[in-house]
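What the coordinates show
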Amino acid sequence: MLKLYNTATKSLETFSPKDPKNVKIYTCGPTVYSSPHLGNFSAYIYWDLLLRVLKANGFSLRRVLNLTDVGHLTSDEDSGEDKLEKGAKREGKTVWEIADYYISSFKSDFKKLNLLEPAVWARATDYIEESKSLVEKLNKNGFLYETSDGLYFDTSKFPTYADFARLDLKNQKAGARVDFSSEKRNSSDFAVWKFIKPGETHAMRWDFLGRPGYPGWHLECSAIIHKELGEPIDIHAGGIDHIPVHHTNEIAQTSGAFSKKLAHFWLHCNFLKINGEKISKSLGNIITLKDLEEKGFSPFDFKLWLFQGHYRSERNFTISDLESAKVRRKNWINKLVLLYQLPESELPAPLEGFQDSVLSLLNNDLNSSSAFALIDEKSPLLSLDDWKFLDSLFALDLFVKDRTPALLLKIRQRNTAREKKNFATADKIRDELLSEGVSLLDSSDKTFWQLA
Ligand code: AMP
Ligand code: ZN
């Protein structure tokens, strides 16, 4: 039985979707204006584990992931520059070129990490008609008002607005949410549609209500979910930074337009930090997968490191911890590698109860670190089938079998050289293999290889 921590109820709940053959999942996607970093990917790696655990429990999934290519301002609220415009200025490109470039960069890293492809990659600008129609519905239902810079959602018309994030709106007025626009009725009100004033430059623009404008950031998620999944969905996931503003606003929009609950389960992952600070573009401390690869790590070492913790805990990233994760992954691969080299008659059978135990640990709110402790303990006893099962859950690219034909040839050549007492050639082959990351272990009648 799968239990997940639901932010909406602040409790661990049994996950029992209405239609197990069509579990509807939406994960809020990246804003495609700069290189995706390890912080962004930590979210998608955790959600990939979620998807795989759901599948292992027998559910069939439909997952949608959006790509924000318009409307997300440099502040998470309604002030500052549009992030895409900012990216375009920085790189001397058009906003469309920026979006295309960073979408393909995101997708390429997504593939490198072997994350499950969503059923729909939903690009915000492909849902403008749906976004406009959402605005019209909200307007018709009396939730919107107009200011000089856009159409705003009147949060006072939605009495449960503060509930999801347990917001203290009264105190907020003087605090966190700076009321930048004197025209706003309540500090928590947010733009669903922004107007482009005469003389203002904003490359992405659509005519609506007789003038040019563009959608507010939160709108796309409500519009995409309505079109691609239909409310209520089973799971909505994102980073904890989404709780007080973005997800709170999505809920208000969907309820206001369709009088429907948006999602049954809300999952939020905590931040990835470095030197105690959140990894983010604005702090200038970003690390990308490419940076890790240049330091000799595989993207899967990072994944393994991440799974050593829990998605709801804050993580502090260090290279020395990543080194340890790399060694752990190599040790697992070597257990598997040994199995390749055993004759079929000596291969172990699946370890009784092991796969069920791993799944039941993960079924406790994705407790991957406990599952890892069990893998370490049982690794010498695991069968090929057990490792396949683990790879289907964690996708850590443990199977390196494709290297073996060339490798086996070299090992045979070395053994022939040894038989002919041509030790110089034998040692040369051994050193060559070592430089390729493979070490050899000679037993009385056989030579085994493993990752060095
Ligand atoms: P953004 O591109 O800023 O919209 O972020 C895309 C996703 O990455 C969101 O779900 C964020 O919550 C998540 N995210 C961004 N930075 C971090 C971080 N340092 N740690 C964890 N998640 C992050
Ligand atoms: Zn969203």
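Refer to the preceding data block for the structure.
For the structure given in this document, a descriptive report is provided here. Given the structure is predicted, the values throughout are model-derived calculations rather than measurements.

1. Some details on the sheet that holds strand β15 (residues 315-317)
An order of β14-β13-β15 is seen for the three strands of this open sheet, with the pairing classed as mixed. The open sheet has two edge strands with one neighbour each: β14 (277-278) and β15. Bridge count between strand β13 (residues 272-274) and β15: three bridges; the pairing is parallel. By the bridge assignment for β15, Ile274 is matched with Phe317.

2. Here we look at helix α4 (residues 128-140)
With 13 residues, α4 ought to run about 18 Å at 1.5 Å a step, and its terminal C-alpha atoms sit 18 Å apart, in line with that. Along α4, the positions that sit buried rather than exposed are Ile128, Ser131, Lys132, Leu134, Val135 and Leu138. One side of α4 carries all its buried residues, which in axial view fall inside an arc of 155°. Pointing more than 90 degrees away from the buried face of α4 are the exposed residues Glu129 and Lys140. Phi for Gly142, located one or two positions after α4, is positive at around 80°.

3. So, the packing of aromatic side chains
A full pass over the atoms with the stated rule returns 25 aromatic pairs. Measuring from centroid to centroid gives 5.0 Å for Phe372 and Phe394, while their planes differ by 75°, and the two rings are edge-to-face. Placement of Phe372 in helix α12 (residues 368-378) and of Phe394 in helix α13 (residues 384-394) is noted, with a sequence separation of 22 residues between them. You can call Phe372 buried: its relative accessible area is 0%. Residue Phe394 is classed as buried on the basis of its relative accessible area, which comes to 2%. Joined through ring pairs, the aromatic side chains of Phe41, Tyr44, Phe106, Phe110 and Trp121 make up one cluster. When the ring centre of Phe195 is taken as origin, the NZ or CZ atom of Arg211, which lies over that ring, is 3.6 Å away. In this arrangement the basic side chain of Arg312 is found over the ring face of Tyr5, its NZ or CZ atom lying 4.0 Å from the centre.

What counts as what
- All residue numbers refer to position in the chain's written sequence, counted from 1.
- For this description, chains carry letters from A and ligands carry numbers from 1, given in the order in which they are written.
- Two thresholds apply to this predicted model, a pLDDT of at least 70 for residue-level local features and 80 or more for giving and counting side-chain atom pairs, whereas whole-chain, interface and lining totals are computed over all residues.
- Neither water nor hydrogens contribute to the side-chain values; these are computed over all heavy atoms in the structure.
- At least two bridges found by DSSP between two strands is the condition for calling them paired.
- A run of DSSP states H or I qualifies as a helix once it reaches four residues; a run of E qualifies as a strand once it reaches two. Both are numbered from the N-terminal end.
- Helix span, as expected, comes to 1.5 Å for every residue beyond the first.
- Throughout, exposure labels follow a simple rule: accessible area from a 1.4 Å probe, protein chains only, divided by the maximum for the residue type, with under 20% read as buried, over 50% as exposed, and the rest as partly exposed.
- Each direction from the helix axis to a C-beta atom contributes to the arc, which is the arc of those directions.
- Only rings of Phe, Tyr and Trp enter the pairing, Trp through its six-membered ring, and a pair is recorded when the two centres are within 6.5 Å. The plane angle decides the type: under 30 degrees is stacked, over 60 is edge-to-face, the rest tilted.
- Remark: a charge is flagged as sitting over a ring if the NZ atom of Lys or the CZ atom of Arg is within 6 Å of the ring centre and within 35 degrees of the ring normal.

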